[in-house]
Amino acid sequence: MSFLSELFGTEKPIIGLVHIQPLPGDPFYKGEGMDAVIGRARADLEALQNGGIDGVLFTNEFSMPYEKHVSPVTLASMGLVIGALKSSIRVPFGAEAIFDGDATIALCAATEADFTRCLFTGVWAGDFGMVDRDIAVTLRLKNAYRLDNLKLFYFVTSEGDACVGGRKTADIASSLLFNCRPDALVVGGMAAGSGPAGKLLEQVAEVAKGTPVVCGTGCKRENIEYVLSRCNGAFVGSAFKKDGLFENPIDQNRVHDFMDKVRILRGEA
């Protein structure tokens, strides 16, 4: 048994994503005000929880284009959103400031998150230029903030970006296990709603040797049986939204139907 059972109550958790709307300072923020942002996040959180999700992860998914170093206003806004909703959270929760591991650790310290997911390591090239993470600094921040119980889910892929040096995903996972001792590994696709290509889940799981491997993107009701047969759970965002579209709000009925199937696959129904 891994930490997943203790934290989520199952070895095959489904973690729903609360995609926070554009925030002050983001290029696509329209000045709606933070009450509107909080209101949308609250509705999505309730739909996920009422639909039977195992955990939730708050992310600044609409802060596009993403920053290499998340700005103070974005981090403060995310803290405000999560703080406003914290009394309504009924499941284990995490927080992620996309692309910035150090900011993510700070956000988790401020919000007392149970877990997090981020691109903590490596050098990646893509639409945002070169994204260069420094995991040595990140883990020292985690230690300095005394986040001893915070569980870290490490991406071994970067959505739409290429690993500088061309290392294979399985090789990245293998070196991560030795150098960083991640609590779990996350395998994603090219973008939100797009699943891992080819046999990546199997390849990473093969080298993980007992460390949980979780699908990071593209998990749908139609492929959940395959996903859960290959790894230890999934982060799910777009598949829970109205019509399965990234920009839409969470549809509680879609969550409920998805989780009904998951419970059957896990032998709980």
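Structure report, in brief. (Residues numbered from 1 in each chain as written. Predicted model: local features only at pLDDT ≥ 70, side-chain atom pairs only at ≥ 80, totals over all residues. Heavy atoms only, no water.)

**Topic: the pattern of salt bridges**
Step number 1: Enumeration according to the criterion identifies ten salt bridges in this entry.
Step number 2: Taking the shortest distance from any N to any O, the salt bridge between Asp 260 and Arg 263 comes out at 2.9 Å. Placement of the pair is Asp 260 and Arg 263 together in helix H9 (residues 252–265), with a separation of three residues, close to one helical turn.
Step number 3: Note on Asp 260: relative accessible area 31%, which makes it partly exposed. (Salt bridge = Lys/Arg side-chain N within 4 Å of Asp/Glu carboxyl O. Helix = DSSP H or I, 4+ residues; strand = E, 2+ residues; numbered from the N terminus. Buried < 20%, exposed > 50% of the residue type's maximum accessible area, 1.4 Å probe, protein only.)

**Side note on the pairing of strand S2 (residues 55–59)**
Step number 1: Most of S2 is tucked away: five of the five residues are buried.
Step number 2: Every second residue of S2 is oriented toward a common face, with Gly 55, Leu 57 and Thr 59 on one face and Val 56 and Phe 58 on the other, all of them buried.
Step number 3: Pairing of strand S1 (residues 14–19) with S2 involves five bridges; the strand directions are parallel. The partner of His 19 across the bridge, within S2, is Thr 59.
Step number 4: A crossover links S1 with its parallel partner S2, the connecting element being helix H2 (residues 34–50), and its sense is right-handed.
Step number 5: Pairing of S2 with strand S3 (residues 93–96), which is carried by four bridges, proceeds in the parallel orientation. The residue of S3 that forms the bridge with Thr 59 is Glu 96.
Step number 6: Since S2 and S3 lie parallel, the crossover through helix H3 (residues 72–85) that links them has a hand, and here it is right-handed. (Pairing = 2+ DSSP bridges. Right-handed = clockwise from strand over helix to strand, strands pointing away.)

**Re the environment of Val 236**
Step number 1: Mapped onto the fold, Val 236 is located in strand S11 (residues 234–236).
Step number 2: The class for Val 236 is buried, based on a relative accessible area of 0%.
Step number 3: With 221 residues separating them in the primary sequence, Val 236 and Ile 15 have C-alpha atoms 6.1 Å apart.
Step number 4: With near-sequence residues (within four places) excluded, Val 236 lies in contact with Ile 14, Ile 15, Gly 16, Leu 17, Cys 219 and Phe 258. (Contact = heavy atoms within 4.5 Å.)

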